[in-house]
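Coordinate inspection notes
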There are 2 protein chains.
Amino acid sequence: MSNMKQIFTNTLLEMLKSKELNEITVTDIAQKCGVSRQAFYYYFDDIYDMVEWFFMEETDKALMAYTDIDTWQMGYIHLMEWAKKNQNIIMNTYQSVQREYVEVFMNRVLYQYIIQVVEHESKGLTVTDEQCAYIANFYTLAINAITLEWIRKNMHEPPVEVAEKVNFMIEGDFKKALLKFQQINLSIF
Amino acid sequence: MSNMKQIFTNTLLEMLKSKELNEITVTDIAQKCGVSRQAFYYYFDDIYDMVEWFFMEETDKALMAYTDIDTWQMGYIHLMEWAKKNQNIIMNTYQSVQREYVEVFMNRVLYQYIIQVVEHESKGLTVTDEQCAYIANFYTLAINAITLEWIRKNMHEPPVEVAEKVNFMIEGDFKKALLKFQQINLSIF
């Protein structure tokens, strides 16, 4: 069953090379796959349901593939390279009301890389898991704000350069935040 | 003419207290104002054109109102308080494909507060206007990523607390970035 979902989704990705997402109909996809519209509706409610499935599948793959990394930059560059490879569906989804799918994907994947580094840097410090999670979430959102601007500008800038610039701005900041959490006990956290 | 635009927009804001944006029609608004649909179309192409006008007007007002501030936090809290006051239209627009209007508004207003502080802190340092602008843009996007998360969570958290947390994370970072720009000459910038 999941295989059929994959076939429909691959067909959509193929069609996105020459058409916009909002121009593609269920009939188009069913025809290309040589099945009826009913067959399509057996698997998905509509095209956006399929797009959501695609992003969820890709999130799972990216999270499973993530192994120990030394720097979050490596993971970040990988994430942007994946986005460039899937530029058609990313851009089309991002410009639709389903934009959230792109953001949730980006945030979940980048968070995994960052929390790993934050936890590594927290060794020997008396900080809680919640504080580590707060730091990782803050920097995930901040960095992905830059990623989304890069997407809006059609992903022209090389991923390595984007990562280099972000690193220039935030280098040492995870540790700084961890040390602050250790020193100060802010009631708001 | 602009007065008539204001009347239509105020009517929309009033209606948003009891209805969702996508449930409101041009006919509804024209009727409430006691004019014809044609009169509405003389001023706006459709309801989203009116929403865009609202955000542009509010941006202009916010930028004109901004006077010298000592800390960006003051401006940031003010921005969030404005958002809470206009929660209906913010939430409705944010959940639509016109979400960009909310983001552009937030970014333009916050940038004004931050660039002011960055430029103040750059006094005596040999950094370029472009470097100051880069720092201000980076932190505007980063902070507004947190603001947008706050909006998505229905603006429950008090603005002062949000600002306090953000400050906890980035305190001293504008200066740190300025000093880095002065020391290192990165070819990518």
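Residues numbered from 1 in each chain as written. Chains lettered and ligands numbered in written order. Predicted model: local features only at pLDDT ≥ 70, side-chain atom pairs only at ≥ 80, totals over all residues. Heavy atoms only, no water.

**Points about the overall build of chain A**
Formally: A run of H or I in DSSP becomes a helix once it reaches four residues, and a run of E becomes a strand once it reaches two; helices and strands are each numbered from the N terminus. Buried means the residue's accessible area, taken with a 1.4 Å probe over protein chains only, is under 20% of the maximum for its type, while exposed means over 50%, and partly exposed covers the values in between. In what follows, residue pairs with any heavy atoms lying within 4.5 Å of each other are defined as contacts. Using a 1.4 Å probe, the Shrake-Rupley method yields the accessible areas, and only the shown protein chains count as cover for residues. The sign given to each residue is positive for Lys and Arg and negative for Asp and Glu; His and the chain ends receive no count. Charge placement uses NZ in Lys and CZ in Arg. For Asp and Glu, CG and CD serve respectively.
For chain A, the helix and strand inventory stands at 10 helices and zero strands. Counting from the amino terminus, chain A carries its helices and strands in the arrangement α-α-α-α-α-α-α-α-α-α. Taking the principal axes of the C-alpha coordinates as reference, chain A spans close to 65 × 35 × 30 Å. Burial statistics for chain A: of 189 residues in total, 50% are counted as buried. Considering only intrachain contacts with a sequence separation of at least 6, the fraction spanning at least 24 residues in chain A is 74%. Surface summary for chain A: the accessible area is close to 9,400 Å², and the carbon and sulfur share equals 50%. Averaged over its 17 positive side-chain charges, chain A has a centre that lies 3 Å from the centre of its 26 negative ones.

**Observations concerning the relation of the copies chain A and chain B**
Stated formally: Least-squares fitting of one copy onto the other uses the C-alpha atoms of those residues that reach a pLDDT of at least 70 in both copies.
After a rotation of 180 degrees and a shift along the axis of 0.0 Å, chain A superposes on chain B with an RMSD of 0.0 Å. Interpreted geometrically, this transformation is the action of a two-fold axis. Taking C-alpha positions as reference, the residue of chain A nearest the rotation axis is Ala142 of chain A, located at 2.0 Å. Mapped onto chain B, 100% of the interface residues of chain A again fall at the interface, so both copies present the same surface.

**A word on the interface of chain A and chain B**
The cut-off we apply is this: A side-chain nitrogen of Lys or Arg and a carboxyl oxygen of Asp or Glu constitute a salt bridge if their distance falls within 4 Å. A 3.5 Å cut-off defines polar contacts: any pair of N or O atoms within that distance qualifies, except that in protein one atom must be a possible hydrogen donor and the other a possible acceptor, and neighbouring residues in sequence count only when both atoms are side-chain atoms.
Contact with chain A, which involves 35 residues of that partner, is made by 35 residues of chain B. On the surface where chain A and chain B come into contact, there are eight salt bridges. Two residues, Arg99 of chain B and Glu100 of chain A, come together in a salt bridge whose shortest N-O distance is 3.1 Å. On inspection of chain A and its partner chain B, the count reaches 14 residue pairs in polar contact (both at pLDDT 80 or more).

**Some points on the environment of Asn137 of chain A**
Along the chain, Asn137 of chain A turns up in helix 8 (residues 129–152). For Asn137 of chain A, a relative accessible area of 26% gives the class partly exposed. When the C-alpha positions of Asn137 of chain A and Leu179 of chain A are compared, they lie 17 Å apart, and in sequence the two are 42 residues distant. When neighbours within four sequence positions are excluded, Asn137 of chain A is seen to be in contact with Tyr111 of chain A together with Glu149 of chain B. Within the local environment of Asn137 of chain A, its side chain forms a polar contact with the side chain of Glu149 of chain B, the two groups lying 3.4 Å apart.

**Observations concerning the domain arrangement of chain A**
All names here are of chain A. Quick reminder of the rule: The start and end points of each domain follow an automatic or database-based domain assignment. Using a 1.4 Å probe, buried area is obtained as the accessible area two parts lose upon being combined, added over both of them.
For chain A, the domain assignment lists domain 1 (1–44) and domain 2 (52–183). The gap between the C-alpha centroids of domain 1 and domain 2 is 30 Å. Facing the 11 residues of domain 1 at the interface are seven residues of domain 2. Across the interface of domain 1 and domain 2, roughly 800 Å² is buried in total on both sides, 65% from carbon and sulfur atoms. Among the residues of domain 1 in contact with domain 2, Leu13, Leu16 and Leu21 are the three that bury the most area, contributing 47% of the side total.

**Some details on unusual backbone geometry**
All names here are of chain A. Positioned with a positive phi, Asn154 is a non-glycine residue whose angle comes to about 65 degrees. Its location among the elements puts Asn154 in the loop between helix 8 and helix 9 (159–170). A relative accessible area of 38% places Asn154 in the partly exposed class.

**Structural notes on the packing of helix 6 (residues 87–94) of chain B against helix 7 (residues 100–121) of chain B**
Residue and element names in this part refer to chain B. We count it as follows: Angular values range over 0 to 180 degrees, each being the angle between N-to-C directions of two axes fitted as lines to C-alpha atoms, with helices fitted over their stretch in contact. An angle below 35 degrees is read as roughly parallel, one above 145 as roughly antiparallel, one from 65 to 115 as roughly perpendicular, and any other as oblique. The classification used treats Ala, Val, Leu, Ile, Met, Phe, Trp, Tyr, Cys and Pro as nonpolar, Asp, Glu, Lys and Arg as charged, and all other residues, Gly among them, as polar.
Between helix 6 and helix 7, whose axes approach to 7 Å, the crossing angle comes to 120 degrees. As judged from the angle between their axes, helix 6 and helix 7 are oblique. Contacts between helix 6 and helix 7 involve Ile90, Thr93 and Tyr94 from the first element and Tyr101, Val102 and Glu103 from the second. Class assignment for the residues of the contact of helix 6 with helix 7 results in four nonpolar, one polar and one charged.

**Details of the packing of aromatic side chains**
Formally: A pair of aromatic rings is counted whenever rings of Phe, Tyr or Trp (Trp by its six-membered ring) have centres within 6.5 Å, and the orientation is called stacked for planes under 30 degrees apart, edge-to-face for over 60 and tilted otherwise.
Per the stated rule, a full pass over the model turns up 32 aromatic pairs over all chains. With centroids separated by 5.1 Å and ring planes inclined at 80 degrees, the aromatic side chains of Phe138 of chain A and Tyr139 of chain A adopt a geometry described as edge-to-face. In this structure, Phe138 of chain A and Tyr139 of chain A share a single accessibility class: buried. Relative to Tyr43 of chain B, the ring of Phe8 of chain B lies with its centre 5.9 Å away and its plane at 55 degrees, an arrangement referred to as tilted. A residue pair is termed long-range when its members are at least 10 positions apart, and Phe8 of chain B in helix 1 (residues 2–15) and Tyr43 of chain B in helix 3 (residues 37–43) qualify at 35 residues.

**Examining the UniProt feature "DNA-binding region" (unreviewed entry) in chain A**
Stated formally: UniProt positions are given in the numbering used here, feature names are shortened, and annotations may be inferred rather than shown by experiment.
The sites that UniProt annotates as "DNA-binding region" (unreviewed entry) are residues 25–44 of chain A. Structurally, residues 25–44 of chain A comprises 75% helix and 0% strand, and the distance from its first C-alpha atom to its last is 13 Å.

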